[in-house]
Amino acid sequence: MSSDDTLVLREDRDGVAVLTVNRPGAHNALNREVQRGIRDHLEDIADDPAVGAVIFTGAGDSAFVAGADINELAVRTPVDGIAGPLQRLFDLIATFDKPTIAAVNGYAFGGGHELALSCDIRVGSTGAQFAFPETGLGIIPSAGGTQRLAAVIGQGGALDLILTGRKLSADDALRMNLITYLVEPSELLEAAVAVARRIQRKGPLATKLARDLVKRSGSLDKDSGLLLERLAQAVIYSTEEKNEGTRAFQEKRRPDFDKVRHDRRDRTDN
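Anyway, here's the lowdown on the structure attached to this text. All of these numbers come straight from a predicted model, not from anything done at the bench.

Conventions and cut-offs
- Residues numbered from 1 in each chain as written.
- Predicted model: local features only at pLDDT ≥ 70, side-chain atom pairs only at ≥ 80, totals over all residues.
- Heavy atoms only, no water.
- Helix = DSSP H or I, 4+ residues; strand = E, 2+ residues; numbered from the N terminus.
- Buried < 20%, exposed > 50% of the residue type's maximum accessible area, 1.4 Å probe, protein only.
- Contact = heavy atoms within 4.5 Å.
- Polar contact = N/O pair within 3.5 Å; in protein donor to acceptor, adjacent residues only side chain to side chain.
- Right-handed = clockwise from strand over helix to strand, strands pointing away.
- Pairing = 2+ DSSP bridges.
- Arc of directions from axis to C-beta.
- Axes fitted to C-alpha atoms, helices over the stretch in contact; angles between N-to-C directions.
- Expected span 1.5 Å × (residues − 1).
- Patch = residues over 30% accessible without salt bridge, like charges linked within 9 Å, V, L, I, M, F, W, Y side chains within 5 Å.
- Areas by Shrake-Rupley, 256 points an atom, 1.4 Å probe, with all protein chains shown as cover.
- Salt bridge = Lys/Arg side-chain N within 4 Å of Asp/Glu carboxyl O.
- Lys, Arg positive; Asp, Glu negative; His and termini not counted.
- Charge placed at Lys NZ, Arg CZ, Asp CG, Glu CD.
- Phe/Tyr/Trp six-rings, centres within 6.5 Å; stacked < 30°, edge-to-face > 60°.

1. Side note on the overall build of the protein
Thinking step 1. Regarding its fold elements, the protein presents 13 helices and ten strands.
Thinking step 2. Looking at the protein as a whole, 41% of its 270 residues are labelled buried.
Thinking step 3. Contacts spanning at least 24 positions in sequence make up 69% of the contacts within the protein whose residues lie at least 6 apart.

Encoded structure:
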């Protein structure tokens, strides 16, 4: 791994990779080295068949990720704006091949808010806060914030948060569907891992296709989305995954999708 591997820590928990941004002294700000570290870990995780989901969180109690590094931000040029490295990183997370969960343990401001939005599911602690302070710095959220926030909470709520820069409490975030789960700080990581494991117990192909369809729903007209939904279901109907799932239901047992995964992998290797 080429990046400083102390800035983004990886811990594997029975098939769940937990990535922790580890700059608590800088409120886990996303400098270039942190961004590189996240990319390096995601490359490794993408090729790791033992990992079925990824959780993002921040070190310490006060911040999830407070945003971009202001020292770097102050010297950025129009060329940097067009290149959009942070937007490209969060696009990678949003389209990652495995489910992603944000475990938000404190301030999620600016780029940290956008990191959380790029994940499939957000779990927040009671101490979580969300904000987009960018317009107060004379800039805009440009790592996906203007698009993803509106998709999650609606255009009116997104305009309010982005234009005023006001802070959103964890309770308000839950009310606005910005987070799906709200737990005590001491329970945050375990709650996020529990969500990941619940996903892992489901059919892997069904999970992947359902996730892809939901993510594309905002960019498709209704008829196209429904057609893709039927085509995806037709593909699933031809799989051993569907056979195992329905057979397990009839036999009143939990389906063994791990066996389906292993059988598929064995056939591919041979």
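So much for the structure itself; the text now carries on.
2. Points about the side chain of Thr239
Thinking step 1. Structurally, Thr239 is set in the loop between α11 (222–237) and α12 (240–250).
Thinking step 2. A residue is classified by how much of its surface remains accessible, and Thr239, at 14% relative accessible area, is buried.
Thinking step 3. At 2.7 Å, the side chain of Thr239 forms a polar contact with the backbone oxygen of Ile236.
Thinking step 4. At 3.2 Å, the side chain of Thr239 forms a polar contact with the backbone nitrogen of Lys242.

3. A few points about the pairing of strand β3 (residues 53–58)
Thinking step 1. Most of β3 is tucked away: six of the six residues are buried.
Thinking step 2. Following the chain from strand β2 (residues 16–21) across helix α1 (residues 32–46) to the adjacent parallel β3, one finds a crossover that is right-handed.
Thinking step 3. When β3 meets strand β5 (residues 100–104), the two strands line up parallel, connected through three bridges. Along β5, the bridge assignment pairs Ile55 with Ile101.

4. So, helix α4 (residues 85–94)
Thinking step 1. Of the positions making up α4, those classed as buried are Leu86, Leu89, Phe90, Ile93 and Ala94. The buried residues of α4 occupy one face: seen down the axis, they fall within an arc of 140°.
Thinking step 2. Contacts from the buried residues of α4 go to α1, β3, β5, α5 (111–118), α6 (145–153) and α10 (204–216).

5. Some remarks on the sheet that holds β3
In a beta sheet, neighbouring strands pair by backbone hydrogen bonds and run either parallel or antiparallel.
Thinking step 1. Pairing within the open sheet is mixed, and its six strands lie in the order β1-β2-β3-β5-β7-β10. Edge positions in the sheet fall to β1 (8–13) and β10 (181–183), since each of these pairs with one other strand and no more. For this sheet the average axis-to-axis angle between neighbouring strands, irrespective of direction, equals 20°.
Thinking step 2. As defined by bridge partners, β1 adjoins β2 across six bridges and the pair is classed as antiparallel. Counterpart to Arg10 in the pairing with β2 is Leu19.

6. What about helix α9 (residues 188–200)?
Thinking step 1. Helix length check: α9, at 13 residues, gives a terminal C-alpha distance of 19 Å against a target of 18 Å (1.5 Å per residue), a fit within 8%.
Thinking step 2. Of all the residues in α9, the buried ones are Leu188, Ala191, Ala192, Val193, Val195, Ala196 and Gln200.

7. Comments concerning the environment of Gly165
Thinking step 1. For Gly165, the location among the structural elements is in the loop between α7 (155–164) and β9 (168–169).
Thinking step 2. With 55 residues separating them in the primary sequence, Gly165 and Gly110 have C-alpha atoms 9.6 Å apart.
Thinking step 3. Not counting chain neighbours up to four residues away, the residues in contact with Gly165 comprise Ala131, Phe132 and Asp160.

8. Focus on a positive patch on the surface
Thinking step 1. Side chains of Arg198, Arg201, Lys202 and Arg254 sit close together on the surface and give a patch of like positive charge.
Thinking step 2. Mapped onto the fold, Arg201 is located in the loop between α9 and α10.

9. With respect to the packing of aromatic side chains
Thinking step 1. Scanning all chains against the criterion turns up one aromatic pair.
Thinking step 2. Residues Tyr107 and Phe109 carry aromatic rings whose centres are separated by 5.0 Å and whose planes lie at 35° to one another, so their mutual orientation is tilted.
Thinking step 3. A residue is classified by how much of its surface remains accessible, and Phe109, at 13% relative accessible area, is buried.

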